[in-house]
Amino acid sequence: MPDTPPTASPFWDPRVHADRRPALLARGRIVAALRAWFAGHEFVEVDTGALQVSPGNETHLHAFATALMAPDGSCSPLYLRTSPEFACKKLLAAGERRIVEFAKVFRNRERGALHHPEFTLLEWYRAGEPYGTLMADCAAILARAAEAVGTDRLTFRGRAADPFAAPERLTVAEAFARFAGIDLLATLPDGEPDREALARSARAAGIRVGVDDSWADMFSRVLVERVEGHLGIGRASILDQYPAVLAALARPAQDRRVAERFELYACGVELANGFGELTDVAEQRRRLEGEMAEKARIYGERYPLDEDFLAALAAMPQACGIALGLDRLVMLATGAARIDQVLWSPRA
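The shown structure was predicted, so the numbers you read here are calculated from the model rather than taken from an experiment.

Chemist: Mind showing me how you'd approach the pairing of strand β11 (residues 237-240) here?
Modeler: Regular strands show a simple pattern: their side chains alternate between the two faces of the sheet. The alternating pattern of β11 places S237 and L239 and I238 and D240 on opposite faces, both of which are buried. Bridging between strand β9 (residues 168-171) and β11 involves four bridges; their strand directions are parallel. In the strand pairing of β11, L170 is matched with L239. Summarising the sheet, β11 and strand β12 (residues 261-266) pair through four bridges and their orientation is antiparallel. Residue pairing in the sheet places S237 in a bridge with Y265 of β12.

Shown next as structure tokens:
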């Protein structure tokens, strides 16, 4: 498919639709194949609500706000979810063991070749199972998606990956050392970010450092500019053990400077974000409040905490969970250059 932005013609123009239809039909085959895979592995498909008290509490995620109006005219603020995570974890607390959702989610301030304000997350959870199981799931899902559309490679903007090859696994620290020459863990003494240490290392690697950049800002810049383009080339990559300060919903790893968080990449594109789930209620509250304090500092706004989620967390079993961008997976399997090309009714 050509790498062109959305045109002035609407998606329902018959000529535009005819061009888009093969990828849309391929999307349907991928969804059917993945539903069958999850059913065959004893997952229960759930369908949680899009309207939530809290849309999620990550610093850089922006929600769509609305209000619930009662018959007496009183209003309560609500949000369209940025993820089904809080609702899914409540179901784990209720006793579900393996659940999956093809969830419509909504994120404001996001638009581009890989971003759309409304998209689909494929999110699944395993209670009482090891974190590494999710990595095996990811490998199987890439293969099932490719089989569904009859391709032997995933592609995006000239990059390719074999969906049937075992994914490469490397830690974030290994990736920073390999591709940027930065000793990341040295900038996390006792798990706390040392801004000046990372600034020195980033400058030495030729990375621009702004006077107001935080440790997290610099981490993201190194990741985007030096690391991501090398991931998922030839085969998928699993980037494991994120710094704990960047994993608000994940439990600590054995080295407590890092957490049980990984991301799946193919063709340089981030496809999924997985966690060994944090179940310490007090720690979870502290982290979410910290995320919202940072959001208020940067953007001048914050979202409420979901107190019902925090109450349920006390009853939730040890679990692992992951969210995969279904639309991006369809893009790579069909060779689409823009997310709009694999959505049935994209926003103009």
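Chemist: In this structure, what is going on with helix α4 (residues 172-180)? I would like to understand it.
Modeler: Structural remark: α-helix, 3.6 residues per turn; residues separated by three or four positions point the same way. Where α4 is concerned, the buried positions are V172, A175, F176 and A180. All buried residues of α4 project into a common sector of 100° when viewed along the axis, lining one side. On its buried face, α4 is in contact with β9, α6 (215-227) and β11.

Chemist: Help me understand the pairing of β12, please; the structure alone is not making it clear to me.
Modeler: Taking burial as the measure, the six residues of β12 include six buried ones, the bulk of the element. A two-sided burial pattern is seen for β12, the buried positions comprising R261, E263 and Y265 on one face and F262, L264 and A266 on the other. Here β12 runs beside strand β13 (residues 269-276); their pairing, made up of six bridges, is antiparallel. The residue of β13 that forms the bridge with F262 is G274. Where β12 folds back onto β13 in an antiparallel hairpin, the turn is made up of two residues, including C267, whose phi is positive at roughly 60°.

Chemist: Would you explain the pattern of salt bridges in this entry?
Modeler: If charged atoms from side chains of opposite charge come close, those side chains can pair. Inspection of the entire model under this criterion finds 26 salt bridges. Two residues, R15 and D13, come together in a salt bridge whose shortest N-O distance is 3.5 Å. With a relative accessible area of 14%, D13 lands in the buried category. We note a salt bridge from R35 to E45, for which the minimum N-O separation is 2.8 Å. Taken together, the positions of R35 in helix α1 (residues 14-40) and E45 in strand β1 (residues 44-45) put the pair ten residues apart, joining distant regions of the chain.

Chemist: For this particular structure, what's the right way to read the nonpolar core?
Modeler: Counting 44 residues, the largest nonpolar core has W124 and L264 as the members making the most contacts within it. Looking at which element gives the most residues to this core, the answer is helix α3 (residues 133-149), with seven residues. Setting aside anything within four residues of it in sequence, one finds L264 in contact with C138, L142, A236, S237, I238, V269, E270, L271, A272 and L324. Core analysis: the second largest hydrophobic core is formed by 24 residues, V172, F176, L188 and L223 among them.

Chemist: Would you explain the packing of aromatic side chains in this entry?
Modeler: One pair of aromatic rings is described through two measures. These are the centre distance and the angle between the planes. Within the structure shown, the criterion is met by nine aromatic pairs. Taking the centre distance of 4.2 Å and the plane angle of 15° together, the rings of F86 and F309 count as stacked. Note that F86 is positioned in helix α2 (residues 85-94) and F309 in helix α8 (residues 307-313), a separation of 223 residues in sequence. Each member of the pair F86 and F309 is classed as buried. Taken together, the ring pairs in this structure connect W37, F38, F43 and W124 into an aromatic cluster. Sitting over the ring of F102, R35 keeps its end group 4.4 Å from the ring centre.

Chemist: Looking at this structure, I do not really get unusual backbone geometry. What am I missing?
Modeler: Keep in mind that most residues, glycine aside, have a negative phi and that most peptide bonds are trans. Not every positive phi belongs to a glycine, and Q241 is a case in point at roughly 60°. Along the polypeptide, Q241 turns up in the loop between β11 and β12. Looking at Q241, the relative accessible area reads 32%, which means it is partly exposed. Positioned with a positive phi, C267 is a non-glycine residue whose angle comes to about 60°. Note on placement: C267 falls in the loop between β12 and β13.

Chemist: Which parts of the structure should I look at to understand the packing of helix α5 (residues 195-204) against α6?
Modeler: Taken N-terminus to C-terminus, the directions of α5 and α6 make an angle of 30°; their axes are 9 Å apart at the nearest point. As summarised for this structure, α5 and α6 are arranged roughly parallel, according to the angle between their axes. The crossing of α5 and α6 is left-handed. Judged by residue contacts, R195, L198 and A199 of α5 engage W215, M218 and F219 from α6. Of the residues that constitute the contact of α5 with α6, the class distribution is five nonpolar, no polar and one charged.

Criteria and thresholds
- Residues numbered from 1 in each chain as written.
- Predicted model: local features only at pLDDT ≥ 70, side-chain atom pairs only at ≥ 80, totals over all residues.
- Heavy atoms only, no water.
- Buried < 20%, exposed > 50% of the residue type's maximum accessible area, 1.4 Å probe, protein only.
- Helix = DSSP H or I, 4+ residues; strand = E, 2+ residues; numbered from the N terminus.
- Pairing = 2+ DSSP bridges.
- Arc of directions from axis to C-beta.
- Contact = heavy atoms within 4.5 Å.
- Salt bridge = Lys/Arg side-chain N within 4 Å of Asp/Glu carboxyl O.
- Core = buried A, V, L, I, M, F, W, Y, C linked by side-chain atoms within 4.5 Å.
- Phe/Tyr/Trp six-rings, centres within 6.5 Å; stacked < 30°, edge-to-face > 60°.
- Lys NZ or Arg CZ within 6 Å of the ring centre and 35° of its normal.
- Axes fitted to C-alpha atoms, helices over the stretch in contact; angles between N-to-C directions.
- Parallel < 35°, antiparallel > 145°, perpendicular 65-115°, else oblique.
- Left-handed = near helix turned anticlockwise from the far one by under 90°.
- Nonpolar A, V, L, I, M, F, W, Y, C, P; charged D, E, K, R; others polar.

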